[in-house]
Amino acid sequence: EPTKLWGGRFASGPAEAMAALSLSTHFDWCLAPYDIAGSRAHARVLHAADLLTDTELEQMLEGLDTLAADVESGRFQPVVDDEDVHTALERGLLERVGRELGGKLRAGRSRNDQVATQFRMWLRDATRRVVAGVLDIVEALNAQAQAHPEAVLPGRTHLQHAQPVLLAHHLLAHCQALLRDVQRFRDWDARTAFSPYGSGALAGSSLGLDPQAVAAELGFDGAVDNSIDGTSSRDFAAESAFDLAMLAVNLSRVAEEVVIWNTAEFGYITLDDAWATGSSIMPQKKNPDVAELARGKAGRLLGNLTGLLTTLKAQPLAYNRDLQEDKEPVFDSVQHLELLLPAMAGMLGTLTFDTERMARLAPAGFTLATDIAEWLVRQGVPFRVAHEASGECVRLAEAREVGLDELTDEELTSAHPALTPQVREVLTVSGSIASRNAHGGTAPERVAEQSRRVTAAVADH
Ligand code: ARG
């Protein structure tokens, strides 16, 4: 006999298409361990309120333990009549402890407060796994930074050569963004750490059950203050979908650079064989598929975020069945990140850099022009004039197809009388980089400090 959580007032069972539409066990089964944990806590507060005897509590907890083991081993599975994970597990409990005792557990709770609680629990665990994966990527990038303390490359704006920077500084820029992603998950968790259990369908429980006790047992900081809000708000889910999408977008920016750096034209990096793919027709190909999938998945996660927000928009209080659509987008985002994060860490950690080529390209495109202007400023020339003079140097060098350091003494003074041959001291990549030594700059000692702070931040989590 199928276990229905409702039906007393119905003359017939649901139509087949109705039941098919309603069904959610194919995606909400992952909530099963949290549903059972909630049932254990709920049994204890029923007992504390004298609604279960000592023996009944003991039998109930034993039944829930067996059920949990059977769920874990796969011996207990949902069937089509089960509608959702909560219904399936109720059937499982009744099968184990009998309909008489099993039927007592439903007092004072609803699937509305159950699912809201379990979704929070699932997400809090999932984001911890995601954070661990992100920290592995930060470590991989930081290790590359530390392995290449002197490597340089042309820093870019608008994808054009701008100013030379340390490779380590560039890699650590990505670490900073990823560490903020980690921080966002922490902030989010502090807001999400409140349990809706005990909110009932929407109005709260009348049976003298203690929501704070349930919350504590389930690892929350407390119970929600409002049962209507507890059962119907999903901003915690939308916010996590944003945090996950933001992370994916940040990863897509690292990924895009891997794709570009791996081209013959850039030639900055070589991918390790284990983290690249070949072509079925072109034998010479070594493709950056990990990076391309990272770019692609960012689009997918953005879709999940906008889809979820659209589902939530304009829903009246309190619970509406629309909310059953809240879980899949977030589950999907987590699932795809869990595939992506270790692959990104592996790919980034095993990149080989052609530091000689990068060093050769670092001064190309007149990336030291700003250094001429700033050198003149140090001689007391107003920056507006210095900028003009440096631009004149670029014009002269471009016309003769030489580097700025190859301009003659005469050419330099023709650009500005204060431009003596001493300016050549800053016309080297290392001189330029060393001069940017204010906090946050690309000078080697600053970058080394930064890298140590990143190491400390990773160790802190
Ligand atoms: N499966 C539903 C969900 O995911 C919870 C069940 C609530 N159903 C209801 N008719 N009140 O939101």
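Rules used throughout
- Residue numbers restart at each chain and count upward from 1, following the sequence in its written direction.
- For a predicted model such as this one, the threshold for reporting local features is a pLDDT of at least 70, and the threshold for listing and counting side-chain atom pairs is 80 or more; totals across whole chains, interfaces and linings nevertheless cover every residue.
- UniProt positions are given in the numbering used here, feature names are shortened, and annotations may be inferred rather than shown by experiment.
- Only DSSP runs of H or I with at least four residues qualify as helices, and only runs of E with at least two residues qualify as strands; both kinds are numbered from the N terminus onward.
- Only the C-alpha atoms count toward the radius of gyration. The rule for a globule is 2.2 Å times the residue count to the power 0.38.
- Residue burial here comes from a neighbour count, namely the number of other C-beta atoms, placed from the backbone, that lie within 10 Å of the residue's own C-beta, with 20 or more meaning buried, 12 or fewer meaning exposed, and in between meaning partly exposed.
- Note on contacts: residues are paired as contacts if their backbone-placed C-beta atoms lie within 7 Å.
- Every axis corresponds to a line fitted to the C-alpha atoms, with the helix fit spanning only the stretch in contact, and the corresponding angles, defined between N-to-C directions, vary from 0 to 180 degrees.
- Every angle not falling under 35 degrees, over 145, or within 65 to 115 is termed oblique; those three ranges are roughly parallel, roughly antiparallel and roughly perpendicular.
- The crossing is said to be left-handed when, going from far helix to near helix, the turn is anticlockwise and less than a right angle, and right-handed when the turn is clockwise.
- Residues are grouped as follows: nonpolar covers Ala, Val, Leu, Ile, Met, Phe, Trp, Tyr, Cys and Pro; charged covers Asp, Glu, Lys and Arg; every other residue, Gly included, is treated as polar.
- Each nonpolar core consists of buried Ala, Val, Leu, Ile, Met, Phe, Trp, Tyr and Cys residues. Their C-beta atoms, within 7 Å, join them into a set.
- Each domain span listed reflects an automatic or database assignment of domains.
- Using a C-beta atom placed from the backbone, a residue is scored as near a molecule or strand whenever that atom is within 6 Å of it.

- Per an unreviewed UniProt entry, the protein chain is named Argininosuccinate lyase, and its organism is Halopolyspora algeriensis.
- Quoted verbatim from the Sequence similarities (unreviewed entry) field of the UniProt record, the comment on the protein chain reads "Belongs to the lyase 1 family. Argininosuccinate lyase subfamily."
- What UniProt states about the protein chain under its Subcellular location (unreviewed entry) heading is, verbatim, "Cytoplasm".

## With respect to the overall build of the protein chain
Part 1 of the reasoning: What the protein chain contains, in helices and strands, is 19 helices and six strands.
Part 2 of the reasoning: Expected size for 461 residues packed as a compact globule is a radius of gyration near 23 Å; at 31 Å, the protein chain overshoots this value by more than 25%.
Part 3 of the reasoning: In terms of its C-alpha atoms, the protein chain occupies a principal-axis envelope of roughly 100 × 55 × 40 Å.
Part 4 of the reasoning: Classification of the 461 residues of the protein chain by burial places 40% in the buried group.
Part 5 of the reasoning: A fraction of 76% describes how many contacts in the protein chain between residues 6 or more apart in sequence connect residues 24 or more apart.

## Some remarks on the packing of helix α11 (residues 235-261) against helix α13 (residues 327-349)
Part 1 of the reasoning: One way to put it is that α11 packs onto α13 with a least axis distance of 10 Å and a crossing angle of 30 degrees. The orientation of α11 with respect to α13, classified from their angle, is roughly parallel. Crossing of α11 over α13 shows left-handed handedness. The segment α11 lies against α13, with A237, S240, A241, L244, A245, L247, A248 and L251 engaging P329, V330, S333, V334, L337, L340 and M344.
Part 2 of the reasoning: In terms of residue class, the contact of α11 with α13 is built from 13 nonpolar, two polar and no charged.

## A look at the nonpolar core
Part 1 of the reasoning: Residues V134, I137, V138, V152, L251 and M344 are the most contacted members of the largest nonpolar core, which totals 68 residues.
Part 2 of the reasoning: The biggest single contributor to this core is helix α7 (residues 111-147), with 14 residues.
Part 3 of the reasoning: Built from parts of two domains, this core gets at least three residues from each of domain 2 (112-148 + 167-193 + 225-355) and domain 3 (361-459).
Part 4 of the reasoning: Among all residues touching V134, those that are not within four sequence positions of it are L178, D181, V182, L247 and L341.
Part 5 of the reasoning: Core analysis: the second largest hydrophobic core is formed by 29 residues, A41, L46, L52 and L89 among them.

## Thoughts on the site of the ligand
Part 1 of the reasoning: In the vicinity of the ligand, the contacting residues are S24, D28, D84, R111, N112, V115, Y319, R321, L323 and Q324.
Part 2 of the reasoning: At three residues, the largest contribution of residues to the shell around the ligand is made by α7.
Part 3 of the reasoning: Across the shell around the ligand, the residue classes tally to three nonpolar, three polar and four charged.

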